[in-house]
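Structure at a glance
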Amino acid sequence: MAKKLAQIMEQIPLERRKKIEARAKELIAEQMTLRDLRKARELTQERMADLLKIRQDSVSRIEKRTDLLISTLRSYIEAMGGDLQLIVKFPDRPSVIITGLAELEEQAIDNDLKKD
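Residues numbered from 1 in each chain as written. Predicted model: local features only at pLDDT ≥ 70, side-chain atom pairs only at ≥ 80, totals over all residues. Heavy atoms only, no water.

Counting its secondary structure elements, the chain contains 7 helices and 2 strands. Reading the helices (α) and strands (β) of the chain from amino to carboxyl end gives α-α-α-α-α-α-β-β-α. Buried residues in the chain amount to 23% of all 116 residues. Long-range pairs, those at least 24 residues apart, make up 45% of the contacts in the chain with a sequence separation of at least 6. Total accessible area on the chain is roughly 9,300 Å²; 53% of this is exposed by carbon and sulfur atoms. (Helix = DSSP H or I, 4+ residues; strand = E, 2+ residues; numbered from the N terminus. Buried < 20%, exposed > 50% of the residue type's maximum accessible area, 1.4 Å probe, protein only. Contact = heavy atoms within 4.5 Å. Areas by Shrake-Rupley, 256 points an atom, 1.4 Å probe, with all protein chains shown as cover.)

Written out as structure tokens, the structure is:
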């Protein structure tokens, strides 16, 4: 007979369970979508639309896109109170944060958001 996960977890020492749960939370946090981030920040699409000065349907489209301009992503993250950083990871080197990417003019950002 197969054991349920809860039964298996009960047999693991408490300290080990805490480490497993903490790591699981880390892994889940690393894989959040824009929609997940917005919800974690307790923001609605309507509120995001207000912050970005766009329509709610545009927020929905941004969240569904798989290809965004960095400027659009940056605006979206900043509207939630965050700061976007681009980190490059190589197998043979320490991680590097990319800096110096030119900021687009606000009009260009607005145009991209309105296209959605």
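Right, picking up where we left off after that structure.
The subject of this paragraph is the pattern of salt bridges. Between side chains of opposite charge, pairing is possible as soon as their charged atoms come close. One pass over the full model with this rule turns up 4 salt bridges. Arg23 serves as the salt-bridge partner of Glu26, at 2.9 Å between the closest nitrogen and oxygen. With Glu26 and Arg23 both in helix 2 (residues 14-30) and 3 residues apart, the pair spans about one turn of that helix. A relative accessible area of 43% places Glu26 in the partly exposed class. (Salt bridge = Lys/Arg side-chain N within 4 Å of Asp/Glu carboxyl O.)

A few words now on unusual backbone geometry. The phi angle of most residues is negative, glycine excepted, and most peptide bonds adopt the trans form. Within the chain, Glu42 stands out as a residue other than glycine whose phi angle is a positive 55°. With respect to the secondary-structure elements, Glu42 resides in the loop between helix 3 (34-40) and helix 4 (45-52). Judged by relative accessible area, which is 75%, Glu42 ranks as exposed.

What follows deals with the nonpolar core. Formed by Leu34, Leu43, Met48, Ala49, Leu52, Ile54, Val59, Ile62, Tyr76, Ile77, Ala79 and Met80, the largest nonpolar core amounts to 12 residues. Looking at this core, the elements that each hand over two or more residues are helix 4, helix 5 (56-64) and helix 6 (70-79). Once residues within four sequence positions are removed from consideration, Ala49 is found in contact with Ile54, Arg55, Gln56 and Val59. (Core = buried A, V, L, I, M, F, W, Y, C linked by side-chain atoms within 4.5 Å.)

Once that is clear, we can look at helix 4. Every buried residue belonging to helix 4 is among Gln45, Met48, Ala49 and Leu52, and all of these are buried. Viewed along the axis of helix 4, the buried residues span an arc of 105°, placing them on a single side of the element. One or two residues past the end of helix 4 sits Lys53, with phi positive at roughly 60°. (Arc of directions from axis to C-beta.)

What follows covers the packing of helix 4 against helix 6. At a minimum axis separation of 10 Å, helix 4 and helix 6 run at an interaxial angle of 110°. In terms of axis orientation, helix 4 runs roughly perpendicular to helix 6. Once helix 4 is placed against helix 6, the crossing between them reads as right-handed. Between helix 4, through Met48, Leu51 and Leu52, and helix 6, the contact on the second element is made entirely by Ser75, Tyr76 and Ala79. (Axes fitted to C-alpha atoms, helices over the stretch in contact; angles between N-to-C directions. Parallel < 35°, antiparallel > 145°, perpendicular 65-115°, else oblique. Left-handed = near helix turned anticlockwise from the far one by under 90°.)

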